[in-house]
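For reference, the chains in residue letters:
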Amino acid sequence: MKFNSLWQKRKSIIFTWLLSYSAVLFVPMIISLIVYSQSGEALKSEIHRANDSMLRQVRYTIDTQIDLMKRLTMEITWNAKLQDLMYSSKTPGDAQFTAYQLVKEFRMYQTSYASIDEFYVTWDQEAAVLRSGNVRDVETAFKTMHDTGMMNYEQWTDTIHHTPHNRFLLLPHVDSAKPQTGIAYLTHLPKDLNGKETGTVVVMADMVRFQKAIESISGFSGGQVLILNEDNQVLLSNLPVSINQDLLLKRLREGNQVMYTPTRDGDSELFYVQSSVSELKYVLVIPSSIYWEKAEYVRRFTYISILISLVGAGVLTWFFMRRNYSPIQQLVQSLTDKNSYEEQTDWNELSFIQRAILNTRSEKEKIALQFQIHQNVLRSNMLNRLLKGKLETVIPYEEAFKSFNMQLLSDDFAVILFVVENDESLSSKLPGIDNNERRKLLQFIITNVVEELVSHYHHAGYVAEVDDMMVCLVNFGGTDSLHLKEELHAIATEAQRFLLRYQMDLTVSIGGIHASLPGIAEAYREAVDAMAYKMVLGKQEIITYDEIRRDSADNLAFGYYYPLQVEQQIINFIKVGDYEQASKFMDDVTDRNFNKPIMSLTLARCLIFNLVGTMVKAINELGDGESSILGDNPLWMDKIIACDTILEMKQELQMLLKEVCAFAAAKLENNVSQERAESLRDLVLKVTRHIEEQYRDSNLNVNTIGEHFDLKGSYLSKLFKNQTGEGLLDCINKYRIEQAKQMMKSKQDSVSDIARQVGYNEVATFIRVFKKYEGITPGKFKEMN
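Okay, so let's go over this structure.

Rules used throughout
Residues numbered from 1 in each chain as written. Predicted model: local features only at pLDDT ≥ 70, side-chain atom pairs only at ≥ 80, totals over all residues. Heavy atoms only, no water. Helix = DSSP H or I, 4+ residues; strand = E, 2+ residues; numbered from the N terminus. Buried < 20%, exposed > 50% of the residue type's maximum accessible area, 1.4 Å probe, protein only. Areas by Shrake-Rupley, 256 points an atom, 1.4 Å probe, with all protein chains shown as cover. Core = buried A, V, L, I, M, F, W, Y, C linked by side-chain atoms within 4.5 Å. Contact = heavy atoms within 4.5 Å. Pairing = 2+ DSSP bridges. Axes fitted to C-alpha atoms, helices over the stretch in contact; angles between N-to-C directions.

Bringing the overall build of the protein chain into the picture now. Each helix and strand in the protein chain was counted, giving 34 helices and 17 strands. Sorting the 785 residues of the protein chain into buried and exposed places 41% on the buried side. As displayed, the protein chain has an accessible area near 43600 Å², and 54% of this comes from carbon and sulfur atoms.

Structure representation (structure tokens):
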């Protein structure tokens, strides 16, 4: 049980601190290791820099000598007399004379290049050697210069002739100090015109001149200095080349050709640098025991410092851990009793304190959020009641305004309404946001923009949502009342233009200016009435109540133009497929009604519905069952009625008119061929004239007219309807009704008498037909006229 309790308390803060403080112990260890690493790197860097500096000093000294050797070689090679001797055809006597002059010039070279110990040119044509001041045969020259026992004559001649061009190598030299060896630079002269070898230029410097340059660096570093040619052959060394050093040289041959590369191999460190004037390499080999001596000292010092840090840190960790835990323990005891704390499952004091604080803050934030939500809801409800004219409240509105931090600047108020016309298109531009959140976002943007604009004009603006519209209640400041309407219009204009940046298309309406709180409801009603007129004026407009307000005298000046004759003409043009004439008449009707200051909203709606009804009448008369265009397009009526503005309705009507006229024209063309068109028109004219002449005959009907023209009555009626868009019986009845209307206007006869005069034996039949075409009874018509 005790073990389980200890295991549960492993999450206590004291154990966490113990682990944390223990982790701190690694800090001095890491610092010491970093110090050791940096110190070692610094030591190596300094050693590298010193060795590099010494190698570069050796390179400078030796390169100076090498440069003199190459320069002398160049001057000898391009000597005019040497070129004349080697590449021109001369008699033996002339050749010997030229050679004599050439060796005399060699003396001047010997004076100019005092650090060059020996130089000569082999003359292959004469098997001779040209030296400073003399010409010797090859064998004699060998004995004079190179016969030290280290190389025989054959080896020397083979070396002279077969060594690659422009190479450094070791050659014995009789006149030099021990070990009687010098570094020679061999350059082969170009071949003659016959392709034969001409000779070789050999320039030598004794080892002693190079030995002095490398003694200083070897004495300082305790290492061995090597000079290698481009084949990595050792030309000079201050110490004998050992086996281990041979391995290092092998590594050098396999390594990258870099200017400065330290490598570690066995018990030696290798550094080398490339000559700046030749293919030579200068190599420094240092024993590892000398190279790492200072680094070992740093390593030992680091280990001791780590040990001391561990002991000291352990003691301090335990002391501060116990000291810092006491306040935490007291805080936990103050937040809860012992029993409730022991019931915690995680046994971590900081987690317990954090949960307690988070729970308290969470409760506070929830309360603040709920309070803010209630404040916004209460403010919106107050504005709604005020705009709707509900003035009976428990708390006066003046006090309510103060409680919501809403300042009343004066007793003058106005209302501005905002409607977002492209609400659906904004949904696609804000993916991932539901409708409720999107609506709140739009309300937030409009509220901030409008209230800021109102305050810019030194007024107070308060925005709320009422009946799916954003309403701004404007309380005017103490400015000149003559410009208040202009400022309202400016606010609406700037808000509309600014919110267009957020791709909001707004329609704005402005009510009148009213005094006192009860006038707010009147201002809101006027703004709503003005907003309703967007149907006539169009969307994205700024509509003021002053624009739509008219008195009774103004109403008398505006009539309603859409006579039955015009409607019938439009129907007839549609039925015969004449889109241009039908569109012209429809435009004439709308222009005569809407090209006025502002038409009554009620009359505008009536006109649009009448135009829609005209389309329905024409389509029904065109339809013949299954091929009816109205049946093929069941939603077009809903689209027209769903339009918000007159302009949108006119556009939809024009589109439908074009489609229906095309359908009627195609149908007329299919039913009547071009060959019979003229005869049918003549037949229709005769039938019409016959009806006008015989309309008084009560026996006049479709069959009697068919017998008169030797045609079947039903067939004649179909031909007549296809040509005129109107049935034959309808034509008879309409003509009789028109004649009856004229008689009722000019005569005092009774309805029954007029019925008999126009061909109806039964008065009831006449009344029924008259009401069908005129919408009223003959008696009512007679009273009206």
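For the rest of this paragraph, the subject is unusual backbone geometry. Phi is positive for Ala127, which is not a glycine, with a value near 55°. Relative to the helices and strands, Ala127 resides in the loop between strand E1 (118-123) and strand E2 (128-131). Residue classification places Ala127 among the partly exposed residues on the basis of a relative accessible area of 43%. Here Asp710, not a glycine, exhibits a phi torsion of approximately 60°, which is positive. Inspection of the secondary structure assignment puts Asp710 in the loop between helix H29 (702-708) and helix H30 (713-724). Given the relative accessible area of 71%, Asp710 is considered exposed.

This part covers the nonpolar core. With 43 residues, the main nonpolar core has Ile76, Val121 and Leu130 as its most contacted residues. When residues in this core are grouped by element, the largest group, 7 residues, is from helix H3 (residues 26-77). Ignoring anything within four residues of it in the chain, the contact list for Val121 reads Ile76, Leu82, Met86, Phe106, Ala128, Val129, Leu130, Leu189, Thr200 and Val201. In terms of nonpolar packing, the next biggest core, distinct from the first, is built from 33 residues, Ala530, Met535, Leu607 and Val612 among them.

A word on the sheet that holds strand E3 (residues 134-137). Hydrogen bonds along the backbone pair up the strands of a sheet, which may run parallel or antiparallel. Pairing is antiparallel in the open sheet, where 6 strands are placed in the order E3-E2-E1-E6-E5-E4. Since the sheet does not close on itself, it has two edges, and those belong to E3 and strand E4 (167-172), each with one partner. This sheet shows a mean twist of 30° between the axes of neighbouring strands, independent of strand direction. Strand direction decides the pairing type here: E1 and strand E6 (residues 199-206), joined by 6 bridges, are antiparallel. The residue bridging Glu118 from the neighbouring strand is Met204, located in E6. On the sheet, helix H4 (residues 80-87) packs against E1 and E2 and is oriented at approximately 25° with respect to E1. Its contacts with the sheet put helix H6 (residues 138-145) on E1, E2, E3 and E4, and the angle it makes with E3 is roughly 110°.

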